[in-house]
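# Summary of the model geometry
This is what each chain is made of:
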Amino acid sequence: MSLAKEKISNMLAAAVEKAQRDGILPQVPIPEYLIEKPQNPLHGDYACTLPLKLARIAKMNPLQIAQKLVDMITPTDEIESVTAAAPGFLNFTLRAEWLQKRVPLIIKGGSHFGDTDTGKAQKVQIEFVSVNPTGPMHVGHGRGGIIGSTLANVLSAAGFHVKKEYYVNDAGNQIDLFNKSLYARYKQALGLDEPMPADGYMGEYMKDLGKKFADEFGDKFEKIQLADGQKQLGAIGQERMITWIKEDLAQANVSYDNWFSENDLYKKGSYRKAITLLKEQGYVTEKEGAQWFASTILGEDKDNVLVRSTGAPTYFASDVAYHYNKFVERGFDRVIDIWGADHRGHINRKKMATYAMGIDPNRLQILIYQLVTLKRGDEVIRISKRTGNIITLREIIDEVGPDAVRFFFLQRSADSQMEFDLELAKKQSSENPVFYIQYAHARIVSILRSAAERGITWENGDVSKLTDKAELAFIRKMIQLEEVVENAALAMEPHHLPHYAMGLANSFTQFYEHCRVLTPDSELTYARLKLVEAGRIALSRTLTLMGMSTPEKM
RNA sequence: GCGUCCGUAGCUCAAUUGGACAGAGCAUCAGACUUCGAAUCUGAGGGUUCAGGGUUCGAGUCCCUGCGGGCGCACCA
């Protein structure tokens, strides 16, 4: 919580306590209340609705309660005034002197300005994208990557110890299918007859890859036994796919601390231990030759297969093992999984499996983002990796640039189903809010550059000169960053950042229009340059949290 | 059919988690550059928040019903 908000909260709590002690308010339980930012600046910097909430319980007029509380509060260094407003709001206004003093603190904060200690160093693991290494990433996957990487940034800023992870599904059915498909394309490229498997990966990229490997390795894999050839060639193909995915993600400025192999769950015993644990807890039943997770015991509407009658584990089983590994073997306090809406139906069974292993299911949080509909003008593009009809993330990034793509995806809340119109995205890229924000940053740097060229040093600038409305509004906006960070982190809603960034850029621009920085008045110039430097830090931090670049020239 | 997410300005989306007059960008219209960056700024128009009921001091937000759309409902992942 930001300093000002915290102070107000404490002030208010003290006032309520005193009012009750003095018999001005009846001895009733005090309801939960929040210190909020009113959307109308006329209502001050912060507001509280406690009197309204208290009215019924205390059987008093809310405005009267507000009035009495105002009387109990004495202004502080931070707060200039507290007023009661109909029908029962408390409005707090920050003191200009206090705001001015934030400027050197922002500069001191530097690249850590906006950080909070909300997370108390809790260990959080966040897993996102994790598409199978069987093909390129399409635009929809990009949304998960961008939401995930930004949320990770925000959580780190909020004081959590965050590890980002990509789960590589390098085992199971889809991999077999990929191997067979690749092998078929490879042999075809060698001029030999080999049918594609039913439901194989039909995309053009598989033909390219087959051809590439035919050139690279000749008939090396064709000469050995079929199953071995498929497996060995497949392994190389998967490697290639992972490299490809990594490159695509890197282009979108998405990176990871760890790439976790599904195969390791089997090799290192996590799978065996997790299933054994479930059995010991009595949650595994046997039906029709398969082993099931008996989630119906816990209220699910159906059980889920863990081990097929063939003896092969399902995806669900390895995922259970994976989460056993996250919680038990690696000891994360919290685990966040980011999934597309097509996995929505798996939340319950996943949470129940977590519970069944003796882990508090609230430690597992699943963030669902709605799928992206791709359009080209009015035409909806159906995505299918198997038939090969995909628009890749890379294509979009090449077309509109990584910053615009990130901003475009980030702006929408995760549960809004968004349309990505390729024509529009391209057209809008020159008329994008992204450029407005980055332009503000470039302009700031340009002002600082001009000052430096004129040999002006402003480090000792006196911030008490910053009294213009636009100057104070700009400071107000800057210090809001830590509230945005905290809120975005706790609610897992990174989409607040772009909106904040727009507001911040806008309040700088307002300042720029109203207040000339480099003026004949050298004292004023120093003070304003100091403010501009603080603005640079705030804007730069905001852009960085969103994974965007901070251009100094455009 | 059942579950789930969504429906807000012409378009794309916000709305501090139940608060004050529902806000931005784009688009449209009218203005502003001899300045530290005009990729900018000033102003205008644009709304029955899908519809109907309910809960309460207060509802875009919560509950119910209906309509419309996305996504699920495999021994696929």
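Residues numbered from 1 in each chain as written. Chains lettered and ligands numbered in written order. Predicted model: local features only at pLDDT ≥ 70, side-chain atom pairs only at ≥ 80, totals over all residues. Heavy atoms only, no water.

### Concerning the packing of helix α5 (residues 139-157) against helix α15 (residues 402-411)
Axis separation between α5 and α15 bottoms out at 9 Å; the angle between their running directions is 80 degrees. Taken together, the axis directions place α5 and α15 in an arrangement best described as roughly perpendicular. On α15, the residues that touch Val139, Arg143, Ile146, Ser149 and Thr150 of α5 are Val405, Arg406, Phe409 and Leu410. Class assignment of the residues belonging to the contact of α5 with α15 gives a composition of five nonpolar, two polar and two charged. (Axes fitted to C-alpha atoms, helices over the stretch in contact; angles between N-to-C directions. Helix = DSSP H or I, 4+ residues; strand = E, 2+ residues; numbered from the N terminus. Parallel < 35°, antiparallel > 145°, perpendicular 65-115°, else oblique. Contact = heavy atoms within 4.5 Å. Nonpolar A, V, L, I, M, F, W, Y, C, P; charged D, E, K, R; others polar.)

### Regarding the pattern of salt bridges
Within this structure, the stated rule accounts for 22 salt bridges. Here Arg330 ties to Glu165 by a salt bridge, and the two come within 2.8 Å at their closest N and O atoms. Taken together, the residues Arg330 in the loop between α12 (315-329) and β11 (334-340) and Glu165 in strand β6 (residues 161-168) connect sequence positions 165 residues apart. Residue classification places Arg330 among the partly exposed positions, given a relative accessible area of 25%. The exposure class assigned to Glu165 is buried, which follows from its relative accessible area of 2%. Put simply, Arg528 and Glu471 hold a salt bridge, and the shortest N to O gap is 2.6 Å. Linking Arg528 in helix α21 (residues 522-545) with Glu471 in helix α18 (residues 469-479), this pair joins segments that are 57 residues apart in sequence. According to the relative accessible area criterion, Glu471 is buried, its value standing at 0%. (Salt bridge = Lys/Arg side-chain N within 4 Å of Asp/Glu carboxyl O. Buried < 20%, exposed > 50% of the residue type's maximum accessible area, 1.4 Å probe, protein only.)

### Observations concerning the packing of α5 against helix α19 (residues 481-491)
Any two packed helices are characterised by how steeply their axes cross, that is the angle between the axes, and by the distance between the axes. Their axes nearest at 9 Å, the elements α5 and α19 cross at an angle of 120 degrees. Between α5 and α19, the angle is such that the two are oblique. Here α5 and α19 pass one another in a crossing that is left-handed. Across the interface between the two elements, Leu151, Val154, Leu155 and Ala157 of α5 pack against Val485, Ala488 and Ala489 of α19. Of the residues assigned to the contact of α5 with α19, the class counts are seven nonpolar, no polar and no charged. (Left-handed = near helix turned anticlockwise from the far one by under 90°.)

### What about the nonpolar core?
Nonpolar side chains in soluble globular proteins generally cluster together in the buried interior. In terms of nonpolar packing, the biggest core is built from 124 residues, with Leu69, Leu90, Phe92, Ile338, Phe420 and Phe511 touching the most fellow members. If we ignore the near neighbours within four places in the chain, the residues touching Leu90 are Leu12, Tyr46, Ala47, Cys48, Pro51, Ala66, Leu69, Val70, Val82 and Thr83. Listed in part, the 32 residues of the second largest apolar core include Phe260, Val307, Ile359 and Leu364. (Core = buried A, V, L, I, M, F, W, Y, C linked by side-chain atoms within 4.5 Å.)

### Comments concerning the protein's contact with RNA strand B
Around RNA strand B, the structure places 72 residues, and the nearest of them are Lys37, Arg308, His346, Arg412 and Glu493. In RNA strand B, the atoms that sit within 4 Å of the protein are 60% sugar and phosphate, with bases accounting for the remainder. Between RNA strand B and Glu288, the relevant distance is 2.6 Å, taken from a base nitrogen to a main-chain nitrogen or oxygen of the residue. One of the backbone nitrogen or oxygen atoms of Glu419 is found 3.2 Å away from a phosphate oxygen of RNA strand B. By residue number, the principal contributor to the surface near RNA strand B is helix α17 (residues 433-453), which donates nine residues. Grouping the amino acids of the surface near RNA strand B by side-chain chemistry returns 26 nonpolar, 26 polar and 20 charged. (Near = heavy atom within 4 Å. Polar contact = N/O pair within 3.5 Å; in protein donor to acceptor, adjacent residues only side chain to side chain.)

### Re α17
Taking 1.5 Å as the rise per residue, α17 with 21 residues should run 30 Å; its terminal C-alpha atoms sit 30 Å apart, in good agreement. Along its buried surface, α17 packs onto α15, α20 (496-514) and α21. Two or three places before Val434, at the opening of α17, Asn432 has a side-chain oxygen 3.1 Å from that residue's backbone nitrogen. Immediately downstream of α17, the backbone of Gly455 shows phi near 75 degrees, a positive value. (Expected span 1.5 Å × (residues − 1).)

### Structural notes on the domain arrangement of chain A
Accessible area lost when the parts come together is the quantity often used to give the size of an interface. One can read the domain layout of chain A as domain 1 (3-94), domain 2 (100-115 + 430-545) and domain 3 (173-251). Of note, the centres of domain 1 and domain 2, computed from C-alpha atoms alone, are 31 Å apart. Domain 1 puts seven residues into the contact, and the matching count from domain 2 is six residues. Buried area between domain 1 and domain 2, both sides added, is near 490 Å², and the carbon and sulfur share of it is 40%. At the boundary of domain 1 with domain 2, the tally comes to one salt bridge. (Domains from an automatic or database assignment. Buried area = accessible area lost by both parts, 1.4 Å probe.)

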